[in-house]
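# Inside the fold
Here is what each chain is made of, one letter per residue.
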Amino acid sequence: MAANTVGTDLEQRWREILSMHARTVCEIDRVLHPHGLGASDFEVLDILATAAPEEGDHCRVQNLVGRVHLSQSALSRLIGRLEKDGLVERSVCVEDRRGVWVALTPKGRALHAEVLPLQRAALARTLEG
């Protein structure tokens, strides 16, 4: 009987985590939509802005896979959209031709700076409330 209670408690906690995640992502999507971004788009821009703070710095796409909760193929499509919009640029790694680098463009850096307060406010509303 006690094992069943533990299972029920864990299931309830898990559902609460999923619910909070869904509410948070929906709120971020809502505030970023007018800027042409979604929550995952922002995550990539944010990681690039913080991991590569100087213009021209870059990050390997494979290093983003573990930090953005998308499959490799979904992340590649997302980066392709961001590149098409002029927010990032991709280049082939000289040392390892299989590797791909991605970097923020000046336009991507500017958009990130513009929407960062909106994303942080959405986090505060959903996670602190």
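Residues numbered from 1 in each chain as written. Predicted model: local features only at pLDDT ≥ 70, side-chain atom pairs only at ≥ 80, totals over all residues. Heavy atoms only, no water.

The next point concerns the nonpolar core. Ranked by internal contacts, the top residues of the largest apolar core, which has 26 residues, are Leu 37, Val 44, Leu 48, Leu 64, Leu 82 and Val 88. Broken down by secondary-structure element, the contributors of at least two residues to this core are α1 (2–32), α2 (39–51), α3 (61–65), α4 (72–84), β3 (100–104) and α5 (106–128). Of all the elements, α2 adds the most residues to this core, at seven residues. (Core = buried A, V, L, I, M, F, W, Y, C linked by side-chain atoms within 4.5 Å. Buried < 20%, exposed > 50% of the residue type's maximum accessible area, 1.4 Å probe, protein only. Helix = DSSP H or I, 4+ residues; strand = E, 2+ residues; numbered from the N terminus.)

On to the sheet that holds strand β1 (residues 59–60), then. Taken together, the three strands give an open sheet; going across it, the order is β1-β3-β2, and neighbouring strands pair in antiparallel fashion. Two strands bound the open sheet, and with one partner strand each, they are β1 and β2 (88–92). Sitting on the sheet, α4 touches β2 and β3, and the angle it makes with β2 is about 120°. (Pairing = 2+ DSSP bridges. Contact = heavy atoms within 4.5 Å. Axes fitted to C-alpha atoms, helices over the stretch in contact; angles between N-to-C directions.)

Let us now look at the packing of α2 against α5. Between α2 and α5, the least distance of the axes is 10 Å, while the angle of their chain directions is 115°. Viewed along their axes, α2 and α5 adopt a mutual orientation that is roughly perpendicular. Crossing of α2 over α5 shows left-handed handedness. Residues Phe 42, Glu 43, Leu 45, Asp 46 and Ala 49 of α2 form the contact with α5, whose participating residues are Arg 109, His 112, Val 115, Leu 116, Gln 119 and Arg 120. Here the contact of α2 with α5 is built from residues that sort into five nonpolar, two polar and four charged. (Parallel < 35°, antiparallel > 145°, perpendicular 65-115°, else oblique. Left-handed = near helix turned anticlockwise from the far one by under 90°. Nonpolar A, V, L, I, M, F, W, Y, C, P; charged D, E, K, R; others polar.)

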